[in-house]
Amino acid sequence: MFTSSTWYRLLGVRPDETRTVWLFFLHNFLLGIGTILVYVAANVILLENNPERNLPLAYGTAALAMMAAGRVYTYFEHHLVLQKLAGRVLVAVVVLAGVLGALVLLGHSVAAAVAIMAGYRVIYLLTNLEFWGVSAVVFDVRQSKRLFGLISAGDMPAKALGAGLAIIIHAHTDLLYLLLTAFAAYGAALLVVKATLRSHDVEARPVGRRQRVAGTSVWQRWFGNNQLVLSICLSLTAIAAVTTGVEYSFFVNVKHKFHDQTLVMRYVGGVLALTYLLAMLFKVGLAQVTLDRLGIRRMLLTLPGTVLAGLLAFGALSWLGAGESTLLIYFCGLYLGLEVLRRAVFDPVFLVLFQPLAPPERLQAHTLAKGYYEPLGMGLAGLLLFFTASHEAIAEWLPFVWMALFMAGALFFLARTYGHYLAELQHSLSQRFSLTEELRTELPTEPMAAVTQAPTDLAEAQELTKLLTDKKRRAAATSRLLVLGPAAVPALVAALQPGTPEPLARRSASVAGQLRLPEGRRALVALAQQPHPTRREVALRALRGFAPVAADAPIFQGLVEDELRLAQRLLHGLAPLGIASELARALDYELDRIEQRIFGLLQQLYPPQLIVDAQRGVAHAARERQANALEILDNLIPRPWYQGLQALLDVSPAAEKAQVFDQLLGPLATTTALPAYIIQQGEVTFSDWTVAVALRQHMPTLGQLPDWLPYFTSPNALLQESALTAINHLATSQHTIYNEALRLLPALPQLLMSHHAAAAHLPAQARVGLLRHTALFAETPENVLSSIVPIMQEVTFPAGHQIFAKGDLGASLYIVYEGEVGIFNGPQLLTTFRQGDFFGELALLDAEPRSATAVAQSAVRAFRLDQDDFYDVMEERGEVLRNILRVLCQRLRRQNEA
């Protein structure tokens, strides 16, 4: 059974968007009723009196009126906030509808009909600018792609209804009732827009972005140095001219076929009703799916390409000598196809093109395109049609010549528009004050090793590589290796092989990345292919200094696929877990790491700066920057990769994400329980905390015991403790499994005794918990905190002991576990720290003298973190440094406020 939530999901509407979508749909529905009724009234009068001459005259007059209205709207757009502007526009529309009613009541001339048509076009323009102006600010670029087709479908049933009325009402005396109904519809739309403004923050705020390079041509300066706006406006001018020409040809040929006014209006009304119904069905049901399948570029080119083919088909029909009935069917099909494609396919996508612009620039560009260049296209068409109507010899074929030329121009400009759209997306994500490009230009054009001609000394390079793990000598060793250049590469490559210690591999990769030599790059690519996630991250970090190499693309493409399959496996395991469970938190961290690695791999496949900007954008707090970043990725990387990455970034439940991955990659191949899989893979794939959680929560079977054996003797204290704690529980609950473990590992009883003897010291898991409840690390995941545990040194102080004195050189931070520590400035007690508090944190960032004295107020048990050790952790785990800076900034703000 389909529920409302199911329908919303099928339509691409998220729960928090439901009310907004309904408001905009209703708003557009009411505007559509009012607009189509005015349109019907104008056409009823115009088609009565020589439409061949009067329609072009109406088009030209309407174009001038629209340009004037667009100019007035532009003025108020710069002087009024959007909320007031939207309300006043609808008030003006209500008043204008009343004026048109008076014209219908009092005027029966062609001039009155032309004035009514011009009034309709002005109303259409103002309602369009108002509706899409509010929509462009409320929705970001990603929402616009999903929802613009849906909310813009609101006017389709209204216009179909109006077209139906055109079939029924065709007497001049009944038109006043249509305009009175339009008057009421616009009044209701005013109430709806007020409700929308009350429930949404509708404001076009300026956004700080990098300044565009000033254009040299008059065209560029006219369009604000924005190639996107230029190409949009020129393509819209061409499409408006063709649309006007096709509409004219359709109306005139219908008038020639059916001389009776009643039959004319029935035929026109029927075609319009069918057009709007088809457009509505496509917008609601297929617009989003089609956009996802085809993408923006193909959707943009569908309208001009199809209509150009239709215009060229007229030449074939003329050559074949088609009769009047055949031509009427042709004109009907051409008009219907153009209107359906324009309203259902082109308009929603066309409006998305403005979304990467900053909100004020977005509104100005939309007003320029709709308020000046679209009327310009209509006016040009009216002028050309008026000219050809006076020359019967060319009136039949010349309009199709210039319409085909205009549509070819639209095809050209729209093909360029897509590239400008991507460039604008990148510009919207670039930092306001960025030195990246300047720094790149300062890099030497030749490899660093080419600068010096140091002799090859492999033995020296090998010794220096070993010193990279020596805290006191690593800086000098790094500098010397960079001087050796190519001579250092063999030693560095050897240090990057599987089996080398993690710190050595990490620092060797960093040096290889700084050398930027082909041999070093090949070694880093090989390091990235190792299954260990930390090594892959190290390699990708070092590869940032290298440009992508096409020959390596298959390698990195395969690694992206591997990461996506791992994400699929974790999401299936995460789906049945509660949000607050320990394993769920650990898996969330692992998925974040997968996301970061995918971005690192993409930097080796696509322009690195684009990927870096996109990665920065998706992590940004501003919703619009996130949307622009996702849009760049959607138009850059393969669609399945984008859908997988978007699922990882989305806030939807894990079960829904898993379904997305199943659709992309196929059903999950393995049925092994996730904890067992984590234990089987171990630290090769997961962080030690995730493995430790799996060990504590999983009950092994007899067949799984061999996977557990390495953990009982692991040098990692956290993993060994977790494995021994779990197997100790089996001693009382699962005798068969426990006895099998004893058989496989005879030393197990001795390990358990050692584990119990060490209970006097705080175990590794409890140390992670202590760090987690410390304000300095409260926002840091346990997976990261577990890397701090090995450098936590347990210390005790008796009551009255001075831990450090004011003026001492600081090099350690302390975290209190038991007891109280007083902080003194001379005899004055400044504050007292208790369990979970920390002090001396500034020493982690510099080695300046202590600013106060710390004294144990009672027996104290604490943990000390030394600066040198902590620097190593911060180098490996950037989250630690970010959280420290965040806490210090909060303290600084509080002090400033005080």
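What counts as what
Residues numbered from 1 in each chain as written. Predicted model: local features only at pLDDT ≥ 70, side-chain atom pairs only at ≥ 80, totals over all residues. Heavy atoms only, no water. Helix = DSSP H or I, 4+ residues; strand = E, 2+ residues; numbered from the N terminus. Contact = heavy atoms within 4.5 Å. Areas by Shrake-Rupley, 256 points an atom, 1.4 Å probe, with all protein chains shown as cover. Buried < 20%, exposed > 50% of the residue type's maximum accessible area, 1.4 Å probe, protein only. Phe/Tyr/Trp six-rings, centres within 6.5 Å; stacked < 30°, edge-to-face > 60°. Lys NZ or Arg CZ within 6 Å of the ring centre and 35° of its normal. Pairing = 2+ DSSP bridges. Axes fitted to C-alpha atoms, helices over the stretch in contact; angles between N-to-C directions. Salt bridge = Lys/Arg side-chain N within 4 Å of Asp/Glu carboxyl O. pLDDT = per-residue confidence, 0-100. Parallel < 35°, antiparallel > 145°, perpendicular 65-115°, else oblique. Left-handed = near helix turned anticlockwise from the far one by under 90°. Nonpolar A, V, L, I, M, F, W, Y, C, P; charged D, E, K, R; others polar. Core = buried A, V, L, I, M, F, W, Y, C linked by side-chain atoms within 4.5 Å. Patch = residues over 30% accessible without salt bridge, like charges linked within 9 Å, V, L, I, M, F, W, Y side chains within 5 Å. Polar contact = N/O pair within 3.5 Å; in protein donor to acceptor, adjacent residues only side chain to side chain.

**Regarding the overall build of the protein chain**
So, step 1. Looking only at helices and strands, the protein chain has 39 helices and eight strands in total.
So, step 2. Considering only residue pairs separated by 6 or more positions, the protein chain has 78% of its internal contacts joining residues 24 or more positions apart.
So, step 3. With an accessible surface of roughly 39200 Å², the protein chain has 61% of that area assigned to carbon and sulfur atoms.

**Section: helix 23 (residues 533-542)**
So, step 1. Most of helix 23 is tucked away: nine of the 10 residues are buried.
So, step 2. The complete set of buried residues in helix 23 reads Pro533, Thr534, Arg535, Arg536, Glu537, Val538, Ala539, Leu540 and Ala542.
So, step 3. Buried residues belonging to helix 23 abut helix 21 (502-515), helix 22 (518-528), helix 24 (553-574), helix 25 (582-602) and helix 38 (867-876).

**Some words on the packing of aromatic side chains**
So, step 1. In the structure shown here, the tally under the stated rule is 19 aromatic pairs.
So, step 2. Geometrically, the ring pair formed by Phe314 and Phe400 is stacked, given 3.8 Å between the ring centres and 5° between the ring planes. Here the residue Phe314 occupies a position in helix 12 (residues 287-320), and Phe400 occupies one in helix 16 (residues 398-429), the gap between them amounting to 86 residues.
So, step 3. Here a set of aromatic residues connected by ring pairs shows up, and it is made of Phe797, Phe804, Tyr814, Phe833 and Phe839.
So, step 4. One Lys or Arg, Arg569, reaches over the ring of Tyr677 and ends 5.0 Å from the middle of that ring.
So, step 5. In this structure, Arg696 packs its charged tip against the face of Trp689, placed 5.0 Å from the ring centre.

**Notes on the sheet that holds strand 3 (residues 812-818)**
So, step 1. Spatially, four strands are ordered 1-8-3-6 in an open sheet, and the strand pairing comes out antiparallel. Both outer strands of the open sheet, strand 1 (793-797) and strand 6 (838-839), are each paired with one neighbouring strand and no more.
So, step 2. This element, helix 36 (residues 764-772), spans strand 1, strand 3 and strand 8 (860-866) of the sheet and lies at about 105° to strand 3.

**A short note on the pattern of salt bridges**
So, step 1. Inspection of every chain in the model, using the stated rule, returns 25 salt bridges.
So, step 2. A salt bridge links Glu374 to Lys370, with the shortest nitrogen-to-oxygen separation between them at 3.4 Å. With Glu374 and Lys370 both in helix 14 (residues 359-389) and four residues apart, the pair spans about one turn of that helix. Assigned by exposure class, Glu374 and Lys370 land together as buried.
So, step 3. Each of Arg536, Glu537, Glu563, Arg593 and Arg597 takes part in a single network of salt bridges with overlapping partners.

**Here's the deal with the confidence of the model for the protein chain**
So, step 1. Within the protein chain, residue pLDDT values average 80, and 84% of them lie at 70 or more.
So, step 2. This model gives residues 432-454 a pLDDT under 50, and the stretch forms 18 contacts once residues within four places in sequence are excluded.

**Overview of the environment of Ala575**
So, step 1. For Ala575, the position within the fold is in the loop between helix 24 and helix 25.
So, step 2. According to the relative accessible area criterion, Ala575 is partly exposed, its value standing at 32%.
So, step 3. Considered as a pair, Ala575 and Glu656 are 81 residues apart in the sequence and their alpha carbons are 8.5 Å apart.
So, step 4. Leave out the neighbours within four places in its chain, and Ala575 touches Ala654 and Ala655.

**A look at the pairing of strand 3**
So, step 1. For strand 3, the tally of buried residues reaches six of seven residues, placing the bulk of the element in the interior.
So, step 2. Pairing geometry for strand 3 and strand 8, over six bridges, is antiparallel. Counterpart to Glu818 in the pairing with strand 8 is Arg861.
So, step 3. Here strand 3 pairs with strand 6 via two bridges, running antiparallel. Each residue of the ladder has a partner; that of Tyr814, found in strand 6, is Phe839.

**Here's the deal with the packing of helix 24 against helix 25**
So, step 1. For the pair helix 24 and helix 25, interaxial distance at closest approach is 10 Å and the crossing angle is 165°. It follows that helix 24 is roughly antiparallel to helix 25 by the angle criterion. In the packing of helix 24 onto helix 25, the handedness of the crossing is left-handed. In this structure, helix 24 uses Phe556, Leu559, Val560, Glu563, Leu564, Leu566, Ala567, Leu570, Leu571, Gly573 and Leu574 to contact helix 25, whose residues at the interface are Ala584, Leu587, Asp588, Glu590, Leu591, Ile594, Arg597, Ile598 and Leu601.
So, step 2. For the contact of helix 24 with helix 25, the per-class residue count stands at 15 nonpolar, one polar and four charged.

**Observations regarding the sheet that holds strand 5 (residues 828-833)**
So, step 1. With antiparallel pairing, the four strands of this open sheet are ordered in space as 2-7-4-5. Of all strands in the sheet, those with a lone pairing partner are strand 2 (802-804) and strand 5, marking the two edges. On average, adjacent strands in this sheet sit at an angle of 30° to one another, irrespective of strand direction.
So, step 2. With two bridges joining them, strand 2 and strand 7 (residues 853-856) adopt antiparallel strand pairing. Note that in strand 7 the partner of Phe804 across the bridge is Ala854.

**A short note on the pairing of strand 8**
So, step 1. The buried fraction of strand 8 is high, at six of seven residues.
So, step 2. In this structure, strand 1 lies alongside strand 8, joined through five bridges in antiparallel fashion. Each bridged residue has a counterpart across the sheet, and for Gln793 the counterpart in strand 8 is Arg864.

**Brief notes about the nonpolar core**
So, step 1. Core analysis: the largest hydrophobic core is formed by 246 residues, its most contacted members being Phe712, Ile727, Phe777, Ile788 and Phe870.
So, step 2. Examining the composition of this core, we find that 16 residues originate from one element, helix 13 (residues 324-352), more than from any other.
So, step 3. Once you skip the residues sitting within four places of it in the chain, Ile727 turns out to touch Leu705, Phe712, Tyr738, Ala741, Leu748 and Leu752.
So, step 4. Among the nonpolar cores identified, the runner-up in size contains 15 residues, and Phe797, Ile803, Tyr814 and Ala852 belong to it.

**Some words on unusual backbone geometry**
Among all residues save glycine, negative phi is the norm, and among peptide bonds the norm is trans.
So, step 1. The phi dihedral of Arg516 falls on the positive side, at around 55°, and the residue is not glycine.
So, step 2. On the basis of relative accessibility, which here comes to 32%, the residue Arg516 falls in the partly exposed class.

**A short note on a nonpolar patch on the surface**
So, step 1. On the surface, a cluster of nonpolar side chains totalling about 290 Å² of accessible area is made up of Val72, Tyr75 and Phe76.
So, step 2. Relative to the assigned elements, Val72 resides in helix 3 (residues 51-79).
So, step 3. Val72 gets classed as partly exposed once you look at its relative accessible area, which sits at 47%.

**Notes on the environment of His698**
So, step 1. With respect to the helices and strands, the residue His698 is situated in the loop between helix 31 (688-697) and helix 32 (705-712).
So, step 2. Along the sequence, His698 and Leu674 sit 24 residues apart, while their C-alpha atoms lie 9.3 Å from each other.
So, step 3. The contacts of His698, once residues within four sequence positions are left out, are Pro675, Ala676, Ile679, Gln704 and Trp708.
So, step 4. Side-chain polar atoms of His698 contact the side chain of Gln704, separated by 2.8 Å.

**Notes on the environment of Ile884**
So, step 1. Take Ile884: it is sitting in helix 39 (residues 878-897).
So, step 2. Once the C-alpha coordinates of Ile884 and Glu841 are considered, the two residues, 43 residues apart in sequence, prove to be 8.6 Å apart.
So, step 3. Apart from the residues lying within four places of it in its own chain, the contact partners of Ile884 are Leu776, Leu844, Leu845, Phe870 and Met874.

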